[in-house]
Structures are given as structure tokens and as C-alpha cells.
Amino acid sequence: MRSKLHRRVEIINYITQQNFFKGIYFLALLLALYGGAILGAGTQTIIDNLMVTFSFPIFNILVIVLLTLNTYYVYYMFSHEFDFYLIRMRTKKEAYKETVRIVVFSNLFLILLFMILLFIFLIFFKAGNFGKLEYFVYRNVEDWIYILFYLLRYFLIIIIFSKIDVLLLNRRRHELSIILTVVLCCLILSNKTDLTKIYHFSLAPWSYFDMRRYTNFFIEVCNSILYLFILETIILVLNFILMKKRKKYEVHNFK
């Protein structure tokens, strides 16, 4: 187990040392500066700045584009530079799972790096002012607790979409992956959501990139967990369908 983890760390370390990742890192730096200094210019505290920044459509699109670029880069680097490592896997399914792990770990690393940069700018421009204990979103939930929950859900959804990208790329469905990202970004920009009723559960992913109030915090948490479960189920179903089609194609070619 430790040897596998150590090997993955070495692979990610190699990938992050390449020039293309340095470009991604520079984009992350610019995006952190944009969120920490420009978008929050009218706010007084770090918490308020985070709320404004991570509910702003353009910023959300840029974050998705940044992590999508990293997903594509890591996928192709791992598939081509470490093909000898993938060949040693027992099955194609195992090789696919290992690719997903590498992409997810690299995206988590990029998210951590981005958040560190963002907080450095926030602390500098807001003079470390986190603000008083306030209940802007929900009366019984402090804002800092809500923003932690919101960011966790925010990045989990993006990570799940990166897993969908890997699935499509692995099945040679590159165009579908690009279309998925473009459609998601366009819908976030349009800011349209069917969450018009408080108790209404939304299947629209873009509605979870905006701080919209439910009746209470518990309902929002339950809806979010259910939505994440649905996304993971979609991945399993999509993987099953594509695997079945691939097997039929291979059998047909063999004949």
C-alpha cells in the first residue's frame, strides 16, 4: 500500500515539474490574485470576500477551466509517459482506475496550491480580518462554517466532473468531454437555475455554484449529499454503458 502511494507521489511530482504545469501554476496564481484582490475589493472581511468570489460566475468558470486543463494535461502525460506502468496492470479496468486516482490526486494538489495562494492574497489585502461571527446565510449557522461546507461541495463537484472527463477521454470520447465542459461553463454564465422553490431539489450542477438559500442548512446539506451520490452513480452507469459498447466493438472486430 505504501509503495503504491509512494509511486503515485513520484508520478505526480514528475508531472508537476514539467513546463506545462508551471503554466497552469501561473494561471492559478493569477486567478488567486483575481479572487483575492479584485473581486473582493468592495468587501471588508476574508469570509465576505470568499462568499463573493466563489459565487461569481466568471470566477467559477475560470476555476473549472483551470482544473479541466490540468485534468487533460495529467491524463495525457500519464497515458504516454507512464504507459509502461499502465501495461503492468492486470486489466484495463485497473489501469483506468489508476489513471483516475492520479488525475484526482493531481487536481487535489492543484486545489490545495490554489487555496494557499488565495488565502495569502486575502490575508494581505484584508489585513487578516476574518470578521465577527455573523449569520448572513442561515440564522443558526455561522458564516465561516457555511463557507467551509460550500467550498467542500464546490470542489467535490468539480473533482467528480474531472472523473467524468477521464472516463470520456479513456473511451476516446474527447469531443464529448469538451462539449460537457463548454455547456457547464455556459450554463454557469447564464446563471439560470430551476431552484425557484426552497424545497425543490435541483439536478442542475450550475445551481450548486451559487449561494442560494434553502429553508435551513440541514436541507441544503442533505440535497448536496444526494446530488453528489447521483453524480457518482452517473459515472458508474456511464462507465458500464461505454464498457459494454467497447466489448461489442472488440468482439465485432475480432470476428
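All of these numbers come straight from a predicted model, not from anything done at the bench.

Asks: Can you walk me through the packing of aromatic side chains in this structure?
Replies: Think of a pair of aromatic rings as described by two things: how far the centres are apart, and how the planes are tilted against each other in angle. Taken as a whole, this structure holds 19 aromatic pairs when the rule is applied. Each ring, one from Tyr154 and one from Phe209, has its centre 5.1 Å from the other, and the planes form 70°; the classification is edge-to-face. Taken together, the residues Tyr154 in helix α7 (residues 143–170) and Phe209 in the loop between α8 (174–190) and α9 (217–254) connect sequence positions 55 residues apart. In this pair, the class of Tyr154 matches that of Phe209, namely buried. Members of the aromatic cluster, joined through ring pairs, are Tyr34, Phe54, Phe59, Phe114, Tyr146, Phe149, Tyr150, Tyr154, Phe155, Phe209 and Phe217.

Asks: Looking at this structure, I do not really get the side chain of Asn60. What am I missing?
Replies: Note that Asn60 resides in helix α4 (residues 57–81). Contact partners of Asn60, with chain neighbours within four places excluded, come to Thr53, Phe54, Ser55, Tyr154, Ile188 and Phe209.

Asks: Honestly, the pattern of salt bridges in this entry has me stumped. Any pointers?
Replies: Side chains that differ in charge, positive against negative, can pair when their charged atoms come close. Enumeration over the complete set of coordinates arrives at 4 salt bridges. Between Arg101 and Glu98 there is a salt bridge, with the nearest N and O atoms lying 3.0 Å from each other. Separated by 3 residues within a single helix, Arg101 and Glu98 lie in helix α6 (residues 92–125), roughly one turn from each other. Classification of Glu98 by relative accessible area gives buried; the value is 3%.

Asks: Hey, could you run me through a nonpolar patch on the surface in this one?
Replies: Residues Phe26, Leu27, Leu30, Val65 and Leu69 make up a contiguous nonpolar surface patch of roughly 400 Å² in combined accessible area. Contributions of two or more residues to the nonpolar patch are made by α2 (19–38) and α4. Per-element tally for the nonpolar patch: the top contributor is α2, with 3 residues. Tracing the backbone shows Leu69 in helix α4.

Conventions adopted
Each chain has its residues counted from 1, following the order in which its sequence is written. Reporting in this predicted model follows two pLDDT cut-offs: at least 70 for local features of residues, and 80 or more for side-chain atom pairs to be given and counted; totals over whole chains, interfaces and linings ignore these cut-offs and use all residues. To get the side-chain values, all heavy atoms of the structure are used, and hydrogens and water are removed first. In this analysis, rings of Phe, Tyr and Trp, with Trp reduced to its six-membered ring, are considered paired at centre separations within 6.5 Å, and the interplanar angle assigns stacked below 30 degrees, edge-to-face beyond 60, and tilted for intermediate values. Counting from the N terminus, the helices are DSSP H or I runs at least four residues long and the strands are E runs at least two residues long. Only protein chains enter the accessibility calculation, which uses a 1.4 Å probe; a residue whose area is less than 20% of its type maximum is buried, one above 50% is exposed, and one in between is partly exposed. The contact rule is simple, with two residues in contact once any of their heavy atoms fall within 4.5 Å. What makes a salt bridge here is a side-chain nitrogen of Lys or Arg within 4 Å of a carboxyl oxygen of Asp or Glu, nothing more. Residues form patches when they are more than 30% accessible in relative terms and have no salt bridge. Like charges link within 9 Å. Nonpolar side chains (Val, Leu, Ile, Met, Phe, Trp, Tyr) link within 5 Å. Each accessible area value is a Shrake-Rupley result obtained with a 1.4 Å probe; residue values ignore everything except the protein chains displayed when judging cover.

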